[in-house]
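Per-entry structural report
One letter stands for each residue in the lines below.
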Amino acid sequence: MQSLPTLIKENLSKREEWDYDIFELERLSSHRPLFYLGFDILVEFGILNNFKVEETTLRNWLGLIESSYRSSNTYHNSTHAADVLQASACFCRSQCMENFLDPTDFLALLIASICHDIDHPGRTNAFLCSVSHELAIMYNDSAVLESHHSAVTFKVTCQSAEQKNVNIFKNLEPENFKMIRKSIISMILATDMTQHFEHYNKFLAVNLKCGSTEEGEEGMVPLPVSQENKSLILRMAIKCADISNPSRKISLARAWAHRIVLEYRDQIAEEKSRKLPLSLPPFDDIPKSQVLFVHLFARDLLSAYYEFLEFGHLTDQLNETFEYWDSFNEENPYPHALTLSTSSTST
């Protein structure tokens, strides 16, 4: 993308680093991180050639997708989508992913990451079902948000009457589009936390190994992988990217923890005002809530996938961040005020 402001260009040059500061890009871009980061990463992974997409179409699409996220959400906004995209791209650059997947798989994962929480209302599935929200009724109380995100992704991209020249899929062959659409929907639906352990257990059962090879015409080559296992690798990738915050460096993990707590507390306040049963814990103790989340959901899933990717350094960071959260107690209280920060270094 030409004529980028110098500070944004400098920030984007660090996008391959796991400790990349998405909050800095949020600030520099006036809350348009998905537009800038999305363009650079999708171009890096070959969308212009593989999808026969013009740069103008890609920019139009990214702008429309970002505007379809709700900036009023403290957590489920376009900055979170950009963060998940950045994590997914880090996974895609691993040799293990290259062994098992092709460029189209990578692009499907990156697009799913960009769109996985589009038009999120800042409320959980449990809340939407509790109040008989129109989305809960539409999707029969099952994977309500994830079904909505999937539907909005393709409605905005393929059926936008107001915006012309935004369909990044328009030059794909029908069969290729059908395959990519199926993959994107599968990945977005996989972010439903009620299916968390099902995906995790399937991944463990398959026991994929990064370095598995067989004799080929030109020496040892990676073992072929079934389409079902390809899909499993992709679903695990987006799931791990979606909950990767606890494996970021501490300043980033802390900033994300504050944002999710603020959003959840807003839901709790609405539930109380409407005299509804509370569908979330009170989050009075931020470190304790993070310890619980990592213990129940994040640690096993992330550790298993990082082992597959041979990204042991990320498991080390996960453990370091966990120990940080676990260090706080009555004698050593958490010192940081709960604020919505645009900087990972703010306290």
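Here goes a summary of the coordinates provided. Computed from a predicted model, the values in this text were never measured in an experiment.

We now examine the packing of aromatic side chains. Each aromatic ring pair is characterised by the separation of its centres together with the angle its planes make. If you walk through the whole model with that rule in mind, you get 23 aromatic pairs. With a centroid separation of 6.0 Å and 25° between ring planes, the pair formed by W18 and F91 is classed as stacked. Of this pair, W18 sits in the loop between α1 (6–12) and α2 (22–28) while F91 sits in helix α6 (residues 78–92), and the two are 73 residues apart along the sequence. Here W18 matches F91 in class, with each residue buried. A centroid spacing of 5.4 Å and a plane angle of 50° characterise the contact between F169 and F177, whose relative ring orientation is tilted. Note on F169: relative accessible area 3%, which makes it buried.

Using the criterion set out here, one finds 14 salt bridges in the structure. Between R15 and D40 there is a salt bridge, with the nearest N and O atoms lying 3.5 Å from each other. Of the two residues, R15 is situated in the loop between α1 and α2 and D40 in helix α3 (residues 33–44); the sequence distance between them amounts to 25 residues. Across the pair, D40 and R15 agree in class, each one buried. Notably, a salt bridge pairs R70 with D119, separated by 3.1 Å at the nearest N-O pair. Of the two residues, R70 is situated in the loop between α5 (55–67) and α6 and D119 in the loop between α8 (103–115) and α9 (125–130); the sequence distance between them amounts to 49 residues.

Relative to the 21 Å expected for 15 residues at 1.5 Å per residue, helix α11 (residues 144–158) spans 21 Å between its end C-alpha atoms, a close match to the ideal helical length. With twelve of 15 residues buried, α11 lies mostly within the body of the structure. By the burial criterion, the buried members of α11 are V144, L145, E146, S147, H148, H149, S150, V152, T153, F154, V156 and T157.

Further remarks concern the side chain of S29. Mapped onto the elements of the fold, S29 is located in the loop between α2 and α3. For S29, a relative accessible area of 5% puts it in the buried group. Among the polar contacts made by the side chain of S29, one reaches the main-chain amide nitrogen of R32 at a distance of 3.0 Å.

Relative orientation of the contacting elements α8 and helix α14 (residues 227–242) amounts to 35°, with a least axis distance of 10 Å. Helix-helix and strand crossings are classified by hand; for α8 and α14 the assignment is right-handed. Along the contact surface, α8 presents D105, L109, A112 and S113, while α14 presents K230, L234, A237 and I238. For the contact of α8 with α14, the per-class residue count stands at five nonpolar, one polar and two charged.

Let's shift gears to the layout of surface pockets. Remark: the empty space left among the atoms is shown by a probe the size of a water molecule rolled over them. Of the pockets and cavities examined, the largest pocket occupies roughly 1200 Å³. In this structure, the largest pocket is lined by 45 residues; those nearest its centre are M193, I260, Y264, L280 and F293. Taken together, the elements giving at least two residues each to the lining of the largest pocket come down to α9, α11, α15 (250–273) and α16 (286–309). Of the residues forming the lining of the largest pocket, the biggest block, seven residues, is contributed by α16.

Another point: a negative patch on the surface. A grouping of D316, E320, E323 and D326 is seen on the molecular surface, where their side chains present a negatively charged patch. Relative to the elements of secondary structure, D316 occurs in helix α17 (residues 312–326).

About the thresholds
Within every chain, residues take consecutive numbers counted from 1 along the sequence as written. Totals for whole chains, interfaces and linings use all residues, but because this is a predicted model, local features are given only for residues with pLDDT of at least 70 and pairs of side-chain atoms are given and counted only at 80 or more. Computation of side-chain values: all heavy atoms of the structure, hydrogens and water removed. Each aromatic pair joins two rings of Phe, Tyr and Trp (for Trp, the six-membered one) with centres within 6.5 Å, and gets the label stacked for planes under 30 degrees apart, edge-to-face for over 60, and tilted for any other angle. Under the DSSP-based scheme used, a helix requires at least four consecutive residues in state H or I and a strand at least two consecutive residues in state E, with every element numbered from the N terminus. Partly exposed residues are those whose accessible area sits between 20% and 50% of the maximum for their type, while under 20% is buried and over 50% is exposed, using a 1.4 Å probe and protein chains only. By definition, a salt bridge exists where a carboxyl oxygen of Asp or Glu is found within 4 Å of a side-chain nitrogen of Lys or Arg. Between the first and last residue of a helix there are one fewer steps than residues, each counted as 1.5 Å, and that sum is the expected span. Polar contact criterion, stated in full: a pair of N or O atoms within 3.5 Å, where within protein one must be able to donate a hydrogen and the other to accept it, and residues adjacent in sequence count only if both atoms are side-chain atoms. Each axis is a line fitted through C-alpha atoms, taken for helices only over the stretch in contact, and angles between the N-to-C directions span 0 to 180 degrees. Left-handed describes a crossing whose near helix is turned anticlockwise from the far helix through less than a right angle; right-handed describes the clockwise counterpart. Throughout, a residue-residue contact means that at least one pair of heavy atoms, one from each residue, lies within 4.5 Å. Only Asp, Glu, Lys and Arg are considered charged, only Ala, Val, Leu, Ile, Met, Phe, Trp, Tyr, Cys and Pro nonpolar, and every remaining residue, Gly among them, polar. A 1.4 Å probe that fits but cannot get out identifies a cavity on a 1 Å grid over protein atoms alone, an open set with protein on both sides within 12 Å along at least five of seven lines counts as a pocket, and a residue lines either if it has an atom within 4 Å of a point. Grid points are joined across faces, edges and corners, and a volume is the space filled by probe spheres set on the points. Two distance rules govern patches: like charges are joined within 9 Å, and nonpolar side chains (Val, Leu, Ile, Met, Phe, Trp, Tyr) within 5 Å, applied only to residues with over 30% relative accessible area and no salt bridge. Only the protein chains shown count as cover for residues, and the accessible areas themselves come from Shrake-Rupley with a 1.4 Å probe. Only four residue types enter the tally: Lys and Arg on the positive side, Asp and Glu on the negative side; His and the chain ends are excluded. Just so you know, the charge point we use is NZ for Lys, CZ for Arg, CG for Asp and CD for Glu.

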